[in-house]
Amino acid sequence: MPDWKKFIAGKVVLAKKGNQPGKTNTNSRVPAGQNQVKNFPVLDIGIKPTVTKEEWSLHVYGLVENELLLDWAAFLALPQITDVSDFHCVTRWSQLDMEWQGVRAQHVLALVAPLSTAKFVTLHGYDGYTTNIALEALLDDDVIIAHSVLGAPLTREHGGPVRMVVPKRYAWKSAKWLKAIELHAEDKPGFWEVRGYHNYADPWREERFSND
């Protein structure tokens, strides 16, 4: 069995054990059960696609008035921002003051004009990964479709050329190698959610694993 399959199997076993409350941190910016780190660990499902800027595109579709397909040039032509936020991984590490560059998700969503029936989103990665999130959560000011981090372009290992960043959720909701944003009426659990991970993933509530 390839190592990445063992990694996934191990995380599924851990998820099935349920959620045990973590120790409170002295730093109020670090959620309970997390350890602050200075590096940026690499985690994925064992697949690291190579996607060049020339090949990359972002498709936004589903329950929208204006379906959108952005290539690299069109993406860079959108209003660019720098946002500093904290990053929390379900594997119990947190890195503070991560500086991301890219486009606010709310700006892209405004371009497609979601229908009133659109309530949920599926994020699709070039690695075949999916994760679900409420449309409302992507409208926060700190949610960014990022192409750079800490002053440098995103590497392949960290989801480059483009990844989603959702600071108020555990990092598995921040899909790497972002390929598409699909809007729909019903919630559709993604890769980790169907394997026992919590549907909402709020690090301040330690929503790591589902109790269902």
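Whatever comes next refers back to the structure up there.
Our subject in this report is the structure included herewith. All of these numbers come straight from a predicted model, not from anything done at the bench.

**Describing helix 3 (residues 105–112)**
- All of the buried residues in helix 3 are Ala105, Val108, Leu109 and Val112. For helix 3, the angular spread of buried residues about the axis comes to 100°, placing them on one side.
- Taken from the residues just after helix 3, Ala113 is the one with a positive phi, measuring 55°.

**Details of the pairing of strand 6 (residues 120–125)**
- Most of strand 6 is tucked away, with five of its six residues classed as buried.
- Examined bridge by bridge, strand 6 and strand 7 (residues 130–134) share five bridges and lie antiparallel to one another. Residue pairing in the sheet places Leu123 in a bridge with Thr131 of strand 7.
- Once strand 6 ends, the chain turns through four residues before running back antiparallel as strand 7, passing Gly128 with a positive phi of about 90°.
- As defined by bridge partners, strand 6 adjoins strand 11 (residues 178–184) across six bridges and the pair is classed as antiparallel. Bridge pairing in strand 11 links Phe120 to His184.

**What about the side chain of Glu207?**
- With respect to the helices and strands, Glu207 occurs in the segment after strand 11.
- The charged side chain of Glu207 is buried without a salt bridge, its nearest counter-charge being Arg205 at 4.2 Å.

**A look at the pattern of salt bridges**
- The full count for this structure, using the stated rule, is eight salt bridges.
- Between Asp97 and Arg29 there is a salt bridge whose closest N-O contact spans 2.8 Å. Placement of Asp97 in strand 5 (residues 93–104) and of Arg29 in the loop between helix 1 (3–16) and strand 1 (35–36) is noted, with a sequence separation of 68 residues between them.
- For Arg29, a relative accessible area of 35% translates into the label partly exposed.
- The salt bridge involving Glu193 is made with Lys173; its shortest N-O contact spans 2.8 Å. A residue pair is termed long-range when its members are at least 10 positions apart, and Glu193 in the segment after strand 11 and Lys173 in the loop between strand 10 (163–165) and strand 11 qualify at 20 residues. The exposure classification of Glu193 matches that of Lys173, with both residues buried.
- Linked by salt bridges that have partners in common, Arg29, Asp86 and Asp97 make up one network.

**Some words on the sheet that holds strand 3 (residues 68–71)**
- Ordered in space as 3-2-11-6-7, the five strands form an open sheet in which the pairing is mixed. Of all the strands in the sheet, just strand 3 and strand 7 have a single pairing partner and so form its edges. With direction set aside, neighbouring strand axes in the sheet form an average angle of 15°.
- Packed on one face of the sheet, helix 3 meets strand 2 (57–62), strand 3 and strand 11 and runs near 130° to strand 3.

**Some thoughts on unusual backbone geometry**
- Cis geometry marks the peptide bond from Gly160 to Pro161; its omega dihedral reads 15°.
- Positionally, Pro161 belongs in the loop between strand 9 (152–153) and strand 10.
- Backbone geometry places Asp97, a non-glycine residue, at a positive phi of 55°.
- Positive phi outside glycine occurs at Trp177, with the angle close to 45°.
- You can see Trp177 is positioned in the loop between strand 10 and strand 11.
- The exposure class of Trp177 is buried, given its relative accessible area of 1%.

What counts and how
Residues numbered from 1 in each chain as written. Predicted model: local features only at pLDDT ≥ 70, side-chain atom pairs only at ≥ 80, totals over all residues. Heavy atoms only, no water. Buried < 20%, exposed > 50% of the residue type's maximum accessible area, 1.4 Å probe, protein only. Helix = DSSP H or I, 4+ residues; strand = E, 2+ residues; numbered from the N terminus. Arc of directions from axis to C-beta. Pairing = 2+ DSSP bridges. Lys, Arg positive; Asp, Glu negative; His and termini not counted. Salt bridge = Lys/Arg side-chain N within 4 Å of Asp/Glu carboxyl O. Axes fitted to C-alpha atoms, helices over the stretch in contact; angles between N-to-C directions. Contact = heavy atoms within 4.5 Å.

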